Amino acid sequence: MILPVVAYGDPVLRKKAEPITKDYPKLDTLIENMKETMYGAFGVGLAAPQIGLPIRLFLVDTEPFAEDDIYTEEEQTALKNFQRTFINAEILEEEGDEWAFNEGCLSIPDVREDVFRQPKVTIRYQDENFKVHTEVYDGLIARVVQHEYDHIEGILFTDKLSSLKKRLIKGKLTNISKGKIQVDYRMRFPLMKKKR
């Protein structure tokens, strides 16, 4: 089932998400619904807060980037085969010199900006079977993981922009909150006026 994506301005996007346990109700269904929602919106990642749930769960599938010929064959293969479910994730380390990449977010449609992040990340998480993994990612995979991880920490990519950039996109962000935007996937807007 495709769920509505929560738009910028909703308080759930600002909450530090809570860990979950194996007995979280209907977790398998939730993960399936989140995958369907992410693919339906042509996303490469989706975090539970983006569908209104303040829990430490996010998905990543970098396959859409594999089509891009700016990447080496090795990078394309890695991107094509990277699909993960992250539960109760914790970033242990971020390293390297920050690099810029143009990021967007399903909760902030039509806003894309260069964001600086470190290229290498070490993360500990549980998969959908609650098996614990500690893995190191770099490059674009690391970036997508960092972006989704930020969601469970209550951080949005727009928080990482300069104060000038923030001022320049302020009106756009307000319009998104009010639902004054065209999107081709289901969304829930926090400031949208209720129709009588």
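Data block above holds the structure.
A brief report on the enclosed structure follows.

Definitions and cut-offs
Residues numbered from 1 in each chain as written. Predicted model: local features only at pLDDT ≥ 70, side-chain atom pairs only at ≥ 80, totals over all residues. Heavy atoms only, no water. Helix = DSSP H or I, 4+ residues; strand = E, 2+ residues; numbered from the N terminus. Buried < 20%, exposed > 50% of the residue type's maximum accessible area, 1.4 Å probe, protein only. Contact = heavy atoms within 4.5 Å.

1. Let's talk about the side chain of Asp150
If you trace the backbone, Asp150 turns up in helix α3 (residues 139–152). Take Asp150: its relative accessible area is 8%, and that puts it in the buried class. Once residues lying within four places of it in the same chain are set aside, the contact partners of Asp150 are Arg117, Ile155 and Lys160.

2. Topic: unusual backbone geometry
You will see that Asn88, though not glycine, has its phi angle at about 50°, which is positive. With respect to the helices and strands, Asn88 occurs in strand β4 (residues 83–95). For Phe130, which is not glycine, the phi torsion reads 65° and is therefore positive. Position of Phe130 among the secondary structure elements: in the loop between β7 (120–126) and β8 (132–138). According to the relative accessible area criterion, Phe130 is buried, its value standing at 11%.

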